[in-house]
Structures are given as structure tokens and as C-alpha cells.
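So the chains spell out like this:
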Amino acid sequence: MIATQTQILLAARPEGLPRDTDFKLVSVPIPTPGAGEVLVRSIYLSLDPAMRGWMDDRRSYLPPIQLGEVMRGLAVGEVVDSRDPAFRPGQRVAALTGWQEYAVLPAKELTAIPDEVSLPLALGPLGMTGMTAYFGLLDVGVPQAGETVLVSGAAGAVGSLVGQIAKIEGCRVVGIAGSDDKCRWLTNELGFDAAINYKTTDDLYAALREACPKGVDVYFDNVGGPLLDMALGLLNFGARVVICGAISIYNATEPPPGPANYLSLLVNRARMQGFIVFDYAKRYGEAVAAISKWLAEGKIEARHDIVEGLENAPSALLRLFDGSNQGKLMVRVAPEPEAKVP
Ligand SMILES: NC(=O)c1ccc[n+]([C@@H]2O[C@H](COP(=O)([O-])OP(=O)(O)OC[C@H]3O[C@@H](n4cnc5c(N)ncnc54)[C@H](OP(=O)(O)O)[C@@H]3O)[C@@H](O)[C@H]2O)c1
């Protein structure tokens, strides 16, 4: 009997928030690797806000997912079968497997995960999330000790790391997040100097001004929309605005209004710059070394939010947009292999 696996395909292009009917769950035979290829079993699948953009038929930094194609996604898992000498069965790897239980991929597209790194950490602070926070903040934001760093989406996977790295750099750090619980976590456990609940604060601009009495030198933006506009109004001379993402507009069905306060960039000779983490791929080792050290020293804490079962990926993706994820969101596709007894 041929062994089969579950895949989730893009069935329709969403209008606004994705719905169940935009996805199709199918059962197909598990593929066999050819020369130079590896069969990978996914264990944790990363769920990322960017997936919403990949579902649209529009020019971006990656081609759109085609209708009927497996949803694109990054996973960590283990090698089941290898036709390449660089990988052996049982080895743990990260790869763009897509939303499926098994994937055959060219060996050159796999990244080996060191034995001492847990799989959730390899998707979180030591994976794309950590690389985004590290290079976005340090390379694009260039924070200096004593400066004020304001972060939106601050309790999220990327934002929480950005704030902690900015603290390590000696900055005053202010976070914007969507619940009192998240704000308490930022200030009580992660060492943020202040955190503001953007959903319940009446005069948000006044609250931000109070929390950033010397103005904002680096605004790390995960959210876009009105929060970006407010932050532009708080910029200091020579400030840097890091455009990491704009989750508030990913499901917009109409073009969102532009920021009204953009002349603040001119007045303050400030810079607003976007970046894509993949452009830093050659330097990931630098970030992994620094973040591993900070994790070992207890200077960085990361939360994972794990949803059970690949079939729940479509509904779990929505948690990024309603803010119910608590840290790096991922789906457990399969149980982790038992630890080897020495
Ligand atoms: N440039 C790159 O290369 C790159 C790479 C990876 C990720 N990113 C971007 O980084 C950002 C964070 O990604 P992540 O994976 O770390 O996700 P995340 O922050 O863990 O989860 C998304 C969070 O966004 C917040 N949010 C949702 N809708 C919002 C809205 N309308 N207004 C304000 N906040 C809203 C929610 O938190 P609240 O409870 O606070 O609302 C939610 O928990 C995203 O914009 C993503 O696209 C960019």
C-alpha cells in the first residue's frame, strides 16, 4: 500500500481575512527523493503574517502562491530519506517545506539544526524570527545607547525580541501591544521601560509622548496604519524608522490611507527604510551566535504558541490578526522524535 500524507493547498484568493474555503486539504502519496534530494518530515510549521501577502496575486519579494499549490511555509523537522551525502536520516533541518507533512527538497535548500538547539527555538529566536529582529533593529535601526526605541507589535515574536535586543544595546524601550497582559509581560518580565495597550488607551498619542519624553530615535514598525502615523509625529532629529511589516493592512480590501505625518521625516532629516530578512542570509551565523549567547545568559526570553495538528493551520493563522497568539505561532505537525538514549 502506498503511504499517503496530508497537504493544504491554496484553493482561492482571500478577500480580507482568509476563510476555510480559501484552503483545501488533500491526501496524496508521500514522494520519493531523487538524486541530490532529501525527504523531510515536518514537525513544527511556522505561521507568519507574511503568508497572507503570499496568498494575493500581486508582485512582491516572492512570487504569489498559485491556486492549487501547496501553501508556502517554513518548517523544522527531520530527514527521513536522503539521496545526498550532506544529510542523513534522523538529522534535524529547517526548510521551506510548505503546509504538508512530508516534502522532497533539493539538499541545498535545507539548513541543518545543531543538536543543542530545540526545534521551537530554531523557528523562533534562532530562526527567521530572530534574524528579522536582529538585522532589522541593529542594521536598519542602528540604535545607540541612551536612545529611545519604540516598537509596535511589541509582544509578538519579532517585536518582543527587538525590544530585548534594544535593552541589551542600552536604549530606553517602549512597546505598543494589544492587551494589558501582553503589556505586563513586556515591562515585568522582558525589561521594557514602558508598554502601552493601543486597544484601550483613549489618547494614544498623548500616552506615547509621555512614555517617550525625549522623543523617538528608532521606530521599529510591525504594524503600519495609524500607529505608524503617530510614531512619525514623535521622531527626533536623525531618527530611523524601520519598516519590518504592516500587519494592520495585510487584510485590507481598500488601499489604506498614507501616513499624514510623513513630513516629519523631512523636518527631522529622518530615514524610513524597509528590509527583507532573506537579504541577510549570508550573515545569519552572526545573529545566531549573538542570540544564542543572550539566551544562554538569560538576557532574552522567547515564548512559543503551539497549535496542534496541520489541519488547524488555516484557523490558527487568523490568531496573528486578532492578536490571540502569545509569542511565536507554530503548528505541531508531528510529534518530536524521542530523545536518543546515549
Ligand atoms: N521584513 C521581514 O523580513 C519580516 C520577516 C518576518 C516578519 N516580518 C513582519 O514582522 C511582523 C511581526 O511578525 P511576527 O511573526 O512576529 O508576528 P507576531 O507579532 O507574533 O503576531 C502578530 C501580532 O500583530 C498584532 N496585530 C495584529 N493586527 C494588528 C493591528 N491591526 N494593529 C496592531 N497590531 C496588530 C497582534 O498583536 P497585538 O495583540 O499587539 O495586537 C499579533 O499578535 C509582521 O508585520 C511581519 O510581516 C517581517
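Conventions adopted
- Residues numbered from 1 in each chain as written.
- Predicted model: local features only at pLDDT ≥ 70, side-chain atom pairs only at ≥ 80, totals over all residues.
- Heavy atoms only, no water.
- Helix = DSSP H or I, 4+ residues; strand = E, 2+ residues; numbered from the N terminus.
- Contact = heavy atoms within 4.5 Å.
- Areas by Shrake-Rupley, 256 points an atom, 1.4 Å probe, with all protein chains shown as cover.
- Lys, Arg positive; Asp, Glu negative; His and termini not counted.
- Charge placed at Lys NZ, Arg CZ, Asp CG, Glu CD.
- Near = heavy atom within 4 Å.
- Polar contact = N/O pair within 3.5 Å; in protein donor to acceptor, adjacent residues only side chain to side chain.
- Nonpolar A, V, L, I, M, F, W, Y, C, P; charged D, E, K, R; others polar.
- Phe/Tyr/Trp six-rings, centres within 6.5 Å; stacked < 30°, edge-to-face > 60°.
- Buried < 20%, exposed > 50% of the residue type's maximum accessible area, 1.4 Å probe, protein only.
- Lys NZ or Arg CZ within 6 Å of the ring centre and 35° of its normal.
- Salt bridge = Lys/Arg side-chain N within 4 Å of Asp/Glu carboxyl O.
- Pairing = 2+ DSSP bridges.
- Axes fitted to C-alpha atoms, helices over the stretch in contact; angles between N-to-C directions.
- Patch = residues over 30% accessible without salt bridge, like charges linked within 9 Å, V, L, I, M, F, W, Y side chains within 5 Å.
- Domains from an automatic or database assignment.
- Buried area = accessible area lost by both parts, 1.4 Å probe.

Colleague: Give a detailed account of the overall build of the chain, specifying residues and quantitative values.
Modeller: When its secondary structure is counted, the chain shows 11 helices and 15 strands. Projected onto its principal axes, the C-alpha positions of the chain cover 65 × 50 × 35 Å. Excluding contacts between residues fewer than 6 apart, the proportion of contacts in the chain whose partners are at least 24 apart in sequence is 67%. For the chain, the exposed surface amounts to about 15,900 Å²; the carbon and sulfur share of it is 54%. Distance between charge centroids for the chain: 4 Å, based on 31 positive and 39 negative side chains.

Colleague: I'd like to hear about the site of the ligand, residue by residue, with values.
Modeller: Near the ligand there are 24 residues, and of these Lys 182, Tyr 198, Tyr 250, Val 277 and Asn 325 occur at the shortest range. Tyr 250 places a polar side-chain atom, nitrogen or oxygen, 2.7 Å from an oxygen atom of the ligand. Between the ligand and Val 277 there is a distance of 2.8 Å, counted from an oxygen atom to a backbone nitrogen or oxygen. Summarising the interface, the protein chains cover 90% of the accessible area of the ligand, which totals 920 Å² for the free molecule. Of all the secondary structure elements, the ones that give two or more residues to the shell around the ligand are α4 (157-168) and α11 (319-322). Tallied by class, the residues present in the shell around the ligand amount to 15 nonpolar, eight polar and one charged.

Colleague: Could you give an account of the packing of aromatic side chains, naming the residues involved and the relevant values?
Modeller: What the rule picks out here adds up to five aromatic pairs. Centre to centre, the rings of Tyr 61 and Phe 278 are 6.2 Å apart; their planes meet at 50 degrees, and the pair counts as tilted. One end of the pair, Tyr 61, is in the loop between α1 (50-54) and β4 (75-82); the other, Phe 278, is in the loop between β13 (271-274) and α9 (284-296), with 217 residues separating them in the sequence. We classify Phe 278 as partly exposed; its relative accessible area is 36%. On the numbers, 4.6 Å between centres and 10 degrees between planes, the contact of Phe 135 with Tyr 280 is stacked. Note that Phe 135 is positioned in helix α3 (residues 128-141) and Tyr 280 in the loop between β13 and α9, a separation of 145 residues in sequence. Side by side, Phe 135 and Tyr 280 carry an identical accessibility label, which is buried. Counting every residue linked through ring pairs, the aromatic cluster contains Tyr 134, Phe 135, Tyr 280 and Trp 294. One Lys or Arg, Arg 303, reaches over the ring of Trp 185 and ends 3.8 Å from the middle of that ring.

Colleague: I'd like a rundown of α3, residues and numbers included.
Modeller: With respect to burial, α3 is a largely interior element, 11 of its 14 residues being buried. Trailing α3 by a residue or two, Val 142 shows a phi angle of about 45 degrees, which is positive.

Colleague: Just give me the short version of the side chain of Asp 221, but keep the residues and values in it.
Modeller: Looking at the secondary structure, you find Asp 221 in strand β11 (residues 216-221). No salt bridge is formed by the buried Asp 221; the nearest opposite charge belongs to Arg 271, separated by 14 Å. Among the polar contacts made by the side chain of Asp 221, one reaches the main-chain amide nitrogen of Gly 224 at a distance of 3.0 Å. Residue contacts for Asp 221: discarding those within four places in its chain leaves Ser 152, Leu 228, Val 242, Ile 243, Cys 244 and Gly 245.

Colleague: How would you summarise the sheet that holds β13 if you had to cite specific residues and measurements?
Modeller: Strand order in this open sheet of six strands is β10-β9-β8-β11-β12-β13, and the pairing throughout is parallel. The sheet is open, and its two borders are formed by β10 (194-197) and β13, each paired with just one other strand. In this sheet, neighbouring strand axes are inclined to one another by 15 degrees on average, regardless of whether the strands run parallel or antiparallel. The sheet contact formed by β11 and strand β12 (residues 235-243) spans five bridges and is parallel. Each residue of the ladder has a partner; that of Val 216, found in β12, is Leu 235. Of the strands in this sheet, β8 (148-152), β9 (172-177), β11, β12 and β13 touch helix α7 (residues 225-232), which is tilted by about 155 degrees from β12.

Colleague: Can you lay out a nonpolar patch on the surface for me, pointing to particular residues and giving the numbers?
Modeller: On the surface, Tyr 262, Leu 263, Leu 266 and Val 267 cluster together to form a nonpolar patch covering roughly 430 Å² of accessible area. Mapped onto the secondary structure, Leu 263 falls in helix α8 (residues 263-267). Leu 263 sits in the partly exposed class, given a relative accessible area of 48%.

Colleague: Provide a residue-level description of the domain arrangement of the chain, including the pertinent values.
Modeller: Partitioning the chain into structural domains gives domain 1 (4-124 + 303-332) and domain 2 (128-279 + 289-293). The distance between the C-alpha centroids of domain 1 and domain 2 comes to 28 Å. Of the roughly 1,400 Å² buried between domain 1 and domain 2 on both sides combined, carbon and sulfur atoms contribute 60%. Summed over the shared surface of domain 1 and domain 2, the result is four residue pairs in polar contact (both at pLDDT 80 or more). When residues of the side of domain 1 that touches domain 2 are traced back to their parent elements, those giving at least two are α1 and α11. A per-element tally of the side of domain 1 that touches domain 2 places α11 first, with three residues. Here the side of domain 1 that touches domain 2 is built from residues that sort into 10 nonpolar, six polar and six charged.

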